[in-house]
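Listed below are the residues making up each chain.
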Amino acid sequence: MANKMIITCALSGAETSKTQAPALPVTPEELAASAEECWKAGASIVHVHARNDDGSPTADVKVFKKAIELIRKRCDVVIELTTGGAVGMTPEERIAPVSLQPDMASLDCGSVNFGNDYIVNTVPIMRQFAAEMNKYGVRPTLECFDVSHVQASHILIKEGLIKPPYHYGFVMNVPAALSMSIKTLSYMIDQMPAESYFTVMGVGRAHLPGIYGAIASGGFIRVGFEDNIYYSKGRLAKSNAEFVERAVRIAKEADLEIAKPGDVRKMFALKE
Ligand code: ZN
């Protein structure tokens, strides 16, 4: 499987607005249509946040449920739900959608600056989230916004709350958090335990460096409007799929095969 490149598309996130990026999918219908386009283009995982009709972020399980149902009707892409939610949501709100038994869910591994805001993830919150994911057979993506977060994940692993194979998500270049460089990325990679995979999530200007960094270091790629809205300098992306199509071209140039959802299910040992 070493030659396979997994591409995740983070369809919308919680922060990006339609004013900034008119092509942003917001409603469950729009999310499902975008997920199918990305899957056709070569994405094997979609990362999903839910929004209210006015575009504001929501933790409403009913909205997540509708999005999951509509995506599953259209394609077999692996579905990863957020449990990062949005700034200001309670841990109980953030973890609730895991009861819908998505294939995967993000698990933030520490507190961090998020621009002018702050994301709170204490170790007890992380334990609670890992336990819920175990209960529903959901594979966590261990999202690390800082090098210390990788070390914090070791606590959960040591306590048996997370089982291998581990999948890390390195979130690079969030404003006021860890910058993207080969040195910072390499340090994160060095801290991972054995039997680990990782995906590089390059935010904003780190989008392309993140893709190339992932390829150079044996990791996987994440693209999408959650992380970045510009296809190139001053030019907004037309769709999430446009980002996926470019990632596929770059990975193929690097002589990598594009993973299918079935490959991901096998590699990450996802529940049937
Ligand atoms: Zn997210």
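Note that this is a predicted model, so its numbers are computed, not measured.

**Notes on the packing of helix H1 (residues 28-41) against helix H2 (residues 61-74)**
Move 1: Contact geometry for H1 and H2: axes closest at 8 Å, N-to-C directions at 35°. In this structure, H1 crosses over H2, and the sense of that crossing is right-handed. Judged by residue contacts, Pro28, Glu29, Leu31, Ala32, Ala33, Ala35, Glu36 and Trp39 of H1 engage Val63, Lys66, Ala67, Leu70, Ile71 and Arg74 from H2.
Move 2: Of the residues belonging to the contact of H1 with H2, the class tally is ten nonpolar, no polar and four charged.

**A few points about the nonpolar core**
Move 1: Ranked by internal contacts, the top residues of the largest apolar core, which has 85 residues, are Ile71, Leu107, Tyr168, Phe170, Val244 and Phe268.
Move 2: Take this core: its biggest share by element is six residues, from helix H8 (residues 240-253).
Move 3: In contact with Leu107, other than residues within four places in its own chain, are Thr83, Met126, Phe129, Ala130, Met133, Pro140, Thr141, Leu142, Glu143 and Leu156.

**Some points on H8**
Move 1: Relative to the 20 Å expected for 14 residues at 1.5 Å per residue, H8 spans 21 Å between its end C-alpha atoms, a close match to the ideal helical length.
Move 2: Most of H8 is tucked away: ten of the 14 residues are buried.
Move 3: Residues of H8 that are buried: Asn240, Ala241, Glu242, Phe243, Val244, Arg246, Ala247, Val248, Ile250 and Ala251.
Move 4: Backbone nitrogen of Ala241 and a side-chain oxygen of the N-cap are separated by 3.4 Å at the start of H8; the cap is Ser239.
Move 5: Immediately beyond the C-terminal end of H8, within one or two residues, lies Asp255, with a positive phi of roughly 65°.

**Some details on the pairing of strand E11 (residues 166-172)**
Move 1: Burial analysis of E11 places seven of its seven residues in the buried class, the great majority of the element.
Move 2: Judged by which residues are buried, E11 turns out to be covered on both faces: Tyr166, Tyr168, Phe170 and Met172 on one side and His167, Gly169 and Val171 on the other are all buried.
Move 3: Here strand E10 (residues 139-144) runs beside E11; their pairing, made up of four bridges, is parallel. When the bridges of E11 are listed, Glu143 appears paired with Gly169.

**Some words on the pairing of E10**
Move 1: Of all six residues in E10, six are buried, a share of seventy percent or more.
Move 2: Every second residue of E10 is oriented toward a common face, with Arg139, Thr141 and Glu143 on one face and Pro140, Leu142 and Cys144 on the other, all of them buried.
Move 3: For strand E7 (residues 104-108) and E10, the ladder comprises five bridges, and the chain directions are parallel. Each residue of the ladder has a partner; that of Ala105, found in E10, is Pro140.
Move 4: Between the parallel elements E10 and E11, the chain passes through helix H5 (residues 147-158) in a crossover that is right-handed.

**Side note on the coordination of the zinc ion**
Move 1: His47 (NE2), His49 (NE2), Glu226 (OE) and Glu226 (OE) make up the full set of protein donors to the zinc ion, lying at 2.1 to 2.5 Å.
Move 2: One can describe the site at the zinc ion as irregular: its four donor atoms subtend angles covering 55 to 135° at the metal.
Move 3: Residue class for Glu226 comes out partly exposed when judged on its relative accessible area of 25%.

**Focus: the sheet that holds E10**
Move 1: Strand order in the closed barrel formed by eight strands is E2-E3-E6-E7-E10-E11-E12-E13, and the pairing between neighbours is parallel. Geometrically, the sheet is characterised by an average inter-axis angle of 25° between neighbouring strands, direction not taken into account.
Move 2: One ladder, built from three bridges, connects strand E2 (residues 7-10) with strand E3 (residues 45-48); its direction is parallel. Bridge pairing in E3 links Ala10 to His47.
Move 3: Relative to the sheet, H5 contacts E7, E10 and E11, its axis offset from that of E11 by approximately 155°.
Move 4: Against the sheet, helix H6 (residues 182-190) contacts E10, E11 and strand E12 (196-202), and its axis sits at roughly 160° relative to E11.

Criteria and thresholds
Residues numbered from 1 in each chain as written. Predicted model: local features only at pLDDT ≥ 70, side-chain atom pairs only at ≥ 80, totals over all residues. Heavy atoms only, no water. Axes fitted to C-alpha atoms, helices over the stretch in contact; angles between N-to-C directions. Helix = DSSP H or I, 4+ residues; strand = E, 2+ residues; numbered from the N terminus. Left-handed = near helix turned anticlockwise from the far one by under 90°. Contact = heavy atoms within 4.5 Å. Nonpolar A, V, L, I, M, F, W, Y, C, P; charged D, E, K, R; others polar. Core = buried A, V, L, I, M, F, W, Y, C linked by side-chain atoms within 4.5 Å. Buried < 20%, exposed > 50% of the residue type's maximum accessible area, 1.4 Å probe, protein only. Expected span 1.5 Å × (residues − 1). Polar contact = N/O pair within 3.5 Å; in protein donor to acceptor, adjacent residues only side chain to side chain. Pairing = 2+ DSSP bridges. Right-handed = clockwise from strand over helix to strand, strands pointing away. Donors = N, O, S within 2.8 Å, 3.2 Å for Na, K, Ca; no water. Tetrahedral: all angles 85-135°; square planar, octahedral: opposite > 155°, others 65-115°.

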